[in-house]
Amino acid sequence: SQQGEEDPQALSIQEGENATMNCSYKTSINNLQWYRQNSGRGLVHLILIRSNEREKHSGRLRVTLDTSKKSSSLLITASRAADTASYFCATGSGAGSYQLTFGKGTKLSVIP
Amino acid sequence: EPEVTQTPSHQVTQMGQEVILRCVPISNHLYFYWYRQILGQKVEFLVSFYNNEISEKSEIFDDQFSVERPDGSNFTLKIRSTKLEDSAMYFCASRATRTDTQYFGPGTRLTVL
């Protein structure tokens, strides 16, 4: 698989349920960032976790990072219909410009 | 809250024409980026720009592409002679010094006919 691969590719849940999305990557990273994209729109930054962190919270979001397994997960608790979007992980690595490498994304549908 | 802005939101052009996509990064940011997303595919890095020069570029960013910061606020991407396969959403992003978070604009949808 390529750097920053999310699974599942698509996830459909009922409003109020929790949604978990996973991301795997191959190379060493400095940080991993999660973004949300509503259909055909821009990328909204959700949360950044550094390589020396294991877990981070922001509101209803919880991100974990396991550098030994080169994987991360994004948990959205108590989902809402407005959470319907595609979610991407992006890894930043190396020195210099910190270009981001994105995965293909998980398309989350929250059914009211 | 400051945000990255991009114009136009949608650009339609004929194959072979030149297009310029415009971005206004967040005002105190010094690192600027262009990415693109072909419909249904991953967001791909094109180029990064710092201190008035390109710091990194991807294989996609060939001689048909150029970037410029013509004044203190704008950051542009020019495609000299567009091809059908350049049709994509183009995102500008910016980042402040000593942070890793990149903030993205809403994108410009480029359609090459």
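Structural notes, computed from the coordinates. (Residues numbered from 1 in each chain as written. Chains lettered and ligands numbered in written order. Predicted model: local features only at pLDDT ≥ 70, side-chain atom pairs only at ≥ 80, totals over all residues. Heavy atoms only, no water.)

### Re the overall build of chain B
Scanning chain B for helices and strands turns up zero helices and 11 strands. Along its sequence from the N terminus, chain B presents helices and strands in the succession β-β-β-β-β-β-β-β-β-β-β. In terms of C-alpha radius of gyration, chain B reaches 13 Å, essentially the compact-globule figure of 13 Å for 113 residues. A principal-axis box enclosing the C-alpha atoms of chain B has dimensions of 40 × 25 × 25 Å. Classification of the 113 residues of chain B by burial places 46% in the buried group. Here the contacts in chain B between residues at least 6 apart in sequence split such that 54% fall between residues at least 24 apart. (Helix = DSSP H or I, 4+ residues; strand = E, 2+ residues; numbered from the N terminus. Rg over C-alpha atoms; globule rule 2.2 N^0.38 Å. Buried < 20%, exposed > 50% of the residue type's maximum accessible area, 1.4 Å probe, protein only. Contact = heavy atoms within 4.5 Å.)

### What to know about the sheet that holds strand S1 (residues 5-7) of chain B
Residue and element names in this part refer to chain B. Here we have four strands laid out as an open sheet, ordered S1-S3-S8-S7, and antiparallel in their pairing. Every other strand in the sheet has two partners, leaving S1 and strand S7 (65-68) as the edge strands with one partner each. Strand-to-strand, the axes of this sheet are offset by a mean angle of 20°, without reference to chain direction. Examined bridge by bridge, S7 and strand S8 (residues 75-79) share four bridges and lie antiparallel to one another. Bridge pairing links Phe65 to Ile79 in S8. (Pairing = 2+ DSSP bridges. Axes fitted to C-alpha atoms, helices over the stretch in contact; angles between N-to-C directions.)

### Focus on the packing of aromatic side chains
Aromatic rings in a pair are described by how distant their centres are and how their planes are angled relative to each other. Inspection of every chain in the model, using the stated rule, returns 14 aromatic pairs over all chains. With a centroid separation of 5.6 Å and 45° between ring planes, the pair formed by A:Tyr35 and A:Phe102 is classed as tilted. Within this pair, whereas A:Tyr35 is found in strand S4 (residues 31-37), its partner A:Phe102 is found in strand S10 (residues 100-102), the two being separated by 67 residues in sequence. Taking the centre distance of 6.3 Å and the plane angle of 75° together, the rings of B:Phe91 and B:Phe104 count as edge-to-face. Residue B:Phe91 is located in strand S9 (residues 88-95), and its partner B:Phe104 is located in strand S10 (residues 103-104); the two are separated by 13 residues in the primary sequence. Taking relative accessible area as the criterion, B:Phe91 reaches 0% and is therefore assigned buried. Grouping aromatic residues by their ring pairs yields a cluster made of A:Tyr35, A:Phe88, A:Phe102, B:Tyr33, B:Tyr35, B:Phe45, B:Phe91 and B:Phe104. Cation over ring: B:Arg95 sits above B:Tyr31, and NZ or CZ is 3.9 Å from the ring centre. (Phe/Tyr/Trp six-rings, centres within 6.5 Å; stacked < 30°, edge-to-face > 60°. Lys NZ or Arg CZ within 6 Å of the ring centre and 35° of its normal.)

### Some thoughts on the sheet that holds strand S1 (residues 5-7) of chain A
Residues and elements named next belong to chain A. Here we have five strands laid out as an open sheet, ordered S1-S3-S8-S7-S6, and antiparallel in their pairing. The open sheet has two edge strands, S1 and strand S6 (55-58), and neither has a second partner. Each adjacent strand pair in this sheet contributes to an overall mean axis angle of 20°, direction not counted. Bridge analysis of strand S7 (residues 61-66) against strand S8 (residues 71-76) gives six bridges, and the strand direction is antiparallel. The partner of Leu65 across the bridge, within S8, is Ser72.

### Focus: the layout of surface pockets
In this structure, the largest pocket encloses a volume near 460 Å³. Taken together, 23 residues make up the lining of the largest pocket; nearest its centre are A:Gln37, A:Ser86, A:Lys107, B:Gln37 and B:Gly40. Contributions of two or more residues to the lining of the largest pocket are made by strand S9 (85-92) and strand S11 (106-111) of chain A. Ranked by the residues each element gives to the lining of the largest pocket, the list is headed by S11(A), at four residues. The residue makeup of the lining of the largest pocket, split by class, is six nonpolar, 13 polar and four charged. The computed volume of the second largest pocket comes to approximately 380 Å³. Of all elements in the fold, only strand S5 (43-50) of chain A together with S10 of chain B reach the threshold of two or more residues within the lining of the second largest pocket. In terms of residue count, the dominant contributor to the lining of the second largest pocket is S5(A) (three residues). Across the lining of the second largest pocket, the residue classes break down as eight nonpolar, five polar and three charged. (1 Å grid on protein atoms, 1.4 Å probe; cavity = no way out; pocket = protein on both sides within 12 Å on 5 of 7 lines; lining within 4 Å. Points joined across faces, edges and corners; volume = space filled by probe spheres on them. Nonpolar A, V, L, I, M, F, W, Y, C, P; charged D, E, K, R; others polar.)

### Here's the deal with the interface of chain A and chain B
Counting residues at the interface gives 24 residues for chain A, matched by 19 residues for chain B. With both sides pooled, the region where chain A packs onto chain B buries about 1,700 Å², and carbon together with sulfur makes up 50% of that total. At the junction of chain A with chain B, the criterion picks out one salt bridge. We note a salt bridge from B:Asp100 to A:Arg50, for which the minimum N-O separation is 2.5 Å. For the interface between chain A and chain B, the tally reads seven residue pairs in polar contact (both at pLDDT 80 or more). Contributions of two or more residues to the side of chain A that touches chain B are made by S4, S5 and S10 of chain A. Of the residues assigned to the side of chain A that touches chain B, the class counts are eight nonpolar, 12 polar and four charged. (Buried area = accessible area lost by both parts, 1.4 Å probe. Salt bridge = Lys/Arg side-chain N within 4 Å of Asp/Glu carboxyl O. Polar contact = N/O pair within 3.5 Å; in protein donor to acceptor, adjacent residues only side chain to side chain.)

All quantities given are derived from atomic positions and should not be read as evidence of function.
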